Amino acid sequence: MVTPLHRFLEWIREESRATDLPLGPFLLAAVILHVGVLFLAVNPWHPDEHFQILGFAWARAGRAPLDTLPWEWAARIRPTLQPALALGVLRILEPLGLDDPWSWNLTLRLGTLVLALATLLRVVAHHAPRCAPAGRRALWVMALFLWVLPLFLFRFTSENLAGLALVGALLAADAWRTTEAGHSRQAWGVGLFLGLAFVLRYQTAFAALGLAVWMVWRRPERRGDLVRVVLAGTLCLAGGLLVD
């Protein structure tokens with residue numbers, strides 16, 4: 001039985017042969033670098049990373065009075081999905097005795113890093129076969145060692161998670177572009193990822209609009225797929241409203 005791990009390792013070996021790079025050691029070094037920065041960067045990048053997400057979840061867990069929360073809580077102007085996810089992780093950690101702020105934040109950061117690195121590798125897998133050998137090598141080196149990535153990939157922020165969802169939408173849209181009419185799975189994927197990005201951070205509505213315009217311009221004969229995109233995005237929005 002071929003497991004996902006076997007497929008992943010075989011893919012790394014194939015890419016190593018195609019790029020003439022030791023991608024196994026490179027990938028291990030990149031993971032060590034990212035995890036090392038994760039442990040050292042204990043402070044939030046922006047106050048919202050703490051006060052608008054972790055603070056909400058901590059108070060909802062009954063560990064702080066609600067009247068100490070910032071004004072956005074009473075105004076109800078921020079999405080609830082991300083604090084709800086943080087609260088869910090805290091509830092899982094409680095029976096294990098790992099519900100202190102350090103362990104909780106560390107778990108959220110490690111989970112976000114795993115998701116971010118998986119998304120990054122998905123981008124490489126999508127684009128590497130289209131690149132010339134030199135471009136393929138550059139893609140791998142930049143994906144693993146671009147200096148700015150370790151500073152923010154692990155952060156449990158709305159910008160980060162919404163950005164990862166937006167990348168998923170872009171990959172689905174590019175796959176949609178190359179399929180024949182009648183294959184609508186990718187259109188549904190575009191809508192679901194865009195809806196998730198919007199629920200996590202409302203400002204991604206501008207990116208969603210730009211992607212919709214691109215889809216119409218790129219394949220004008222498939223405007224009907226935009227209905228599927230809108231329906232899928234609406235389902236995500238409805239789910240977010242239920243969480244709210």
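The structure this text deals with has already been given above.
Please read all numbers here as calculations on a predicted model, not as lab measurements.

Participant: How would you sum up a nonpolar patch on the surface? Please name residues and give values.
Facilitator: A grouping of Trp188, Leu192, Val227, Leu231 and Leu235 is seen on the molecular surface, where their side chains present a nonpolar patch of about 470 Å² in accessible area. When residues of the nonpolar patch are traced back to their parent elements, those giving at least two are helix H10 (185–200) and helix H12 (224–243). Among the elements that take part in the nonpolar patch, H12 stands out by supplying three residues, more than any other. Structurally, Trp188 is set in helix H10.

Participant: I'd like to hear about the packing of aromatic side chains, residue by residue, with values.
Facilitator: Considering all chains together, one arrives at seven aromatic pairs under this definition. Seen in terms of ring centroids, Phe26 and Phe145 are 5.7 Å apart; in terms of plane orientation they differ by 80°. Their pairing is edge-to-face. Taken together, the positions of Phe26 in helix H2 (residues 23–40) and Phe145 in helix H7 (residues 133–145) put the pair 119 residues apart, joining distant regions of the chain. Residue classification places Phe145 among the partly exposed positions, given a relative accessible area of 32%.

Participant: Tell me what's going on with the packing of H10 against helix H11 (residues 205–218), and back it up with residues and numbers.
Facilitator: Running from N to C, H10 and H11 cross one another at 160°; their axes reach a closest spacing of 9 Å. What the angle tells us is that H10 and H11 run roughly antiparallel. When the axes of H10 and H11 are compared, the crossing they make is left-handed. Residues Val190, Leu194 and Phe198 of H10 lie in contact with H11, whose contacting residues are Ala205, Ala208, Leu211 and Met215. Along the lines of polarity and charge, the residues of the contact of H10 with H11 split into seven nonpolar, no polar and no charged.

Participant: How would you explain unusual backbone geometry if you had to name every residue and give the values?
Facilitator: In this structure, Asp20 takes a positive phi of about 60° despite not being glycine. Structurally, Asp20 is set in the loop between helix H1 (4–19) and H2. Phi is positive for Arg76, close to 55°, though the residue is something other than glycine. Mapped onto the fold, Arg76 is located in the loop between helix H4 (71–75) and helix H5 (81–93).

Participant: Now, about the nonpolar core: what can you tell me, with residues and values included?
Facilitator: Formed by 28 residues in total, the largest nonpolar core has its most connected members in Leu54, Ala86, Trp104 and Phe156. At six residues, the largest contribution of residues to this core is made by helix H6 (residues 101–127). Beyond its immediate sequence surroundings of up to four residues, Trp104 is in contact with Leu54, Ala57, Trp58, Ala86, Val89, Leu90, Leu93 and Leu98. In terms of nonpolar packing, the next biggest core, distinct from the first, is built from 12 residues, Trp11, Ile12, Leu23 and Val124 among them.

Definitions and cut-offs
Residues numbered from 1 in each chain as written. Predicted model: local features only at pLDDT ≥ 70, side-chain atom pairs only at ≥ 80, totals over all residues. Heavy atoms only, no water. Patch = residues over 30% accessible without salt bridge, like charges linked within 9 Å, V, L, I, M, F, W, Y side chains within 5 Å. Areas by Shrake-Rupley, 256 points an atom, 1.4 Å probe, with all protein chains shown as cover. Salt bridge = Lys/Arg side-chain N within 4 Å of Asp/Glu carboxyl O. Helix = DSSP H or I, 4+ residues; strand = E, 2+ residues; numbered from the N terminus. Phe/Tyr/Trp six-rings, centres within 6.5 Å; stacked < 30°, edge-to-face > 60°. Buried < 20%, exposed > 50% of the residue type's maximum accessible area, 1.4 Å probe, protein only. Axes fitted to C-alpha atoms, helices over the stretch in contact; angles between N-to-C directions. Parallel < 35°, antiparallel > 145°, perpendicular 65-115°, else oblique. Left-handed = near helix turned anticlockwise from the far one by under 90°. Contact = heavy atoms within 4.5 Å. Nonpolar A, V, L, I, M, F, W, Y, C, P; charged D, E, K, R; others polar. Core = buried A, V, L, I, M, F, W, Y, C linked by side-chain atoms within 4.5 Å.

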